[in-house]
Amino acid sequence: MTPIDRRGFLAGLATSGTLLLTGCGSEDPPTYGNVLRMGDRFTYSAQRLLLPRASLAREYDRRDISSTVAIGNTDPGNDHLEGFDPVWGRKWAEQAVDDFRDWRLEVAGAVDRPGLYSLEDLRRFPPRTQITKHMCEEGWSAISEWTGVPLRAVLDHAGTRTSARFVNFFSFDTNPDSIDMIDALHPQTILAYGMNGQALPHPHGAPIRLRVERQLGYKNVKFIRRIEVTEHFVDPGATGLIQSGWSWYTGI
Ligand SMILES: Nc1nc2c(c(=O)[nH]1)N[C@H]1C(S)=C(S)[C@@H](COP(=O)(O)O)O[C@H]1N2
Ligand SMILES: [Mo]
């Protein structure tokens, strides 16, 4: 389909259903305009039109939990691995020694109360536990139990402005990424500090990782140190995944 056909197709879907399409541009992913990113627009528009905004990813039973081998950059403190950041990688290694007692999550940007949160602070929010299937773009999947604080609670606490549209995540390795407010406020979107009943293991993203259950594996940023709320889409640059051809929106 050409982009024009897609637009017609989506408009058709919208008017035949209960949804009203108010403007063709309103559901464009922020990466729209880059010819390599045409597919993003289709997935994003289709999902944003067809799925209720708070539709939940499937949750499983304890007996479904599979043993998961951590993949990706499993050790941000290892300077031989791809994705090593000389400043933040060393900091991560230092903080890991005493179970991240000195770690603080920085929350900044379009918020009225920017601040720093310790793991203890995050554990004081009402937690959410969910057993979900992680689906890696490379083809494997694994079911695990994740416990953490709903991202929404932290965004509320920090006084996120109504003008905010994106939440950007920065990790201790070079893996910046972002999600839109619909995913950020989704009830299953959590900053996980626990996995399968234990503290989040180092290779799986300690001290905290994002769980964004309606997107593919690589959107689940591990080893988070900073969150920045923005009113506009920010391309994270050379180390961001979209520059190397990965879709920004990978709804499943
Ligand atoms: N910071 C960071 N987050 C990351 C990655 C990474 O290399 N660095 N890899 C991603 C990919 S491709 C996947 S599939 C999952 C893997 O999570 P796991 O190691 O817990 O299985 O983490 C994602 N989050
Ligand atoms: Mo992945």
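Nothing here was measured: the structure is a model prediction, and the numbers come from that model.

**Focus on the environment of F233**
Examined against the element boundaries, F233 turns out to sit in the segment after strand 10 (224-230). Among the residues examined, F233 registers a relative accessible area of 23% and is labelled partly exposed. Spatially, the C-alpha atom of F233 lies 6.4 Å from that of F166, the residues being 67 residues apart in sequence. Sequence-distant contacts of F233, defined by excluding residues within four places in its chain, comprise P30, T31, F166, S178, I242 and W248.

**Some remarks on the pattern of salt bridges**
Following the criterion strictly, the structure yields 11 salt bridges and no others. Measuring nitrogen to oxygen at the nearest pair gives 3.1 Å for the salt bridge that ties D61 to R63. In this structure, E106 and R226 form a salt bridge, with 3.1 Å as the shortest nitrogen-oxygen distance. Taken together, the residues span a long stretch of sequence, with E106 in strand 1 (residues 105-109) and R226 in strand 10 at a distance of 120 residues. Here the residues in one salt-bridge network are E106, R226 and E228, joined through shared partners.

**Description of the pairing of strand 5 (residues 166-171)**
Successive side chains on a regular strand alternate, one facing one side of the sheet and the next facing the other. Of all 6 residues making up strand 5, 5 are buried, and the element is well covered by its neighbours. Summarising the sheet, strand 5 and strand 6 (residues 177-180) pair through 4 bridges and their orientation is antiparallel. Paired with F169 across the strands is D177, a residue of strand 6. Two successive antiparallel strands, strand 5 and strand 6, enclose a turn made up of 5 residues. Relative to strand 10, strand 5 runs antiparallel, the two sharing 6 bridges. Bridging from a neighbouring strand, V167 pairs with V229 of strand 10.

**What about the side chain of D173?**
Considering the arrangement of structural elements, one finds D173 in the loop between strand 5 and strand 6. Although buried, D173 forms no salt bridge, and the nearest oppositely charged side chain, K222, lies 7.2 Å from it. In terms of polar contacts, D173 uses its side chain to reach the side chain of S171, at 2.6 Å. Setting aside residues no more than four positions away along its own chain, D173 makes contact with N73, P76, G83 and F223.

**Details of empty space enclosed by the protein**
Leftover empty space is mapped by rolling, across the atoms, a probe with the size of a water molecule. Scanning all chains against the criterion turns up 2 cavities of 30 Å³ or more. Taken as a whole, the second largest cavity encloses approximately 50 Å³ of empty space. The wall of the second largest cavity is formed by Q47, R48, L51, P52, R53, D183, R214 and Y249. The residue makeup of the lining of the second largest cavity, split by class, is 3 nonpolar, 1 polar and 4 charged.

**Brief notes about the nonpolar core**
Residues L105, F169 and L191 are the most contacted members of the largest nonpolar core, which totals 35 residues. Ignoring anything within four residues of it in the chain, the contact list for F169 reads L151, N175, P176, D177, S178, I179, L191, L210, V221, I224, R226 and I227.

Conventions and cut-offs
Residues numbered from 1 in each chain as written. Chains lettered and ligands numbered in written order. Predicted model: local features only at pLDDT ≥ 70, side-chain atom pairs only at ≥ 80, totals over all residues. Heavy atoms only, no water. Helix = DSSP H or I, 4+ residues; strand = E, 2+ residues; numbered from the N terminus. Buried < 20%, exposed > 50% of the residue type's maximum accessible area, 1.4 Å probe, protein only. Contact = heavy atoms within 4.5 Å. Salt bridge = Lys/Arg side-chain N within 4 Å of Asp/Glu carboxyl O. Pairing = 2+ DSSP bridges. Lys, Arg positive; Asp, Glu negative; His and termini not counted. Polar contact = N/O pair within 3.5 Å; in protein donor to acceptor, adjacent residues only side chain to side chain. 1 Å grid on protein atoms, 1.4 Å probe; cavity = no way out; pocket = protein on both sides within 12 Å on 5 of 7 lines; lining within 4 Å. Points joined across faces, edges and corners; volume = space filled by probe spheres on them. Nonpolar A, V, L, I, M, F, W, Y, C, P; charged D, E, K, R; others polar. Core = buried A, V, L, I, M, F, W, Y, C linked by side-chain atoms within 4.5 Å.

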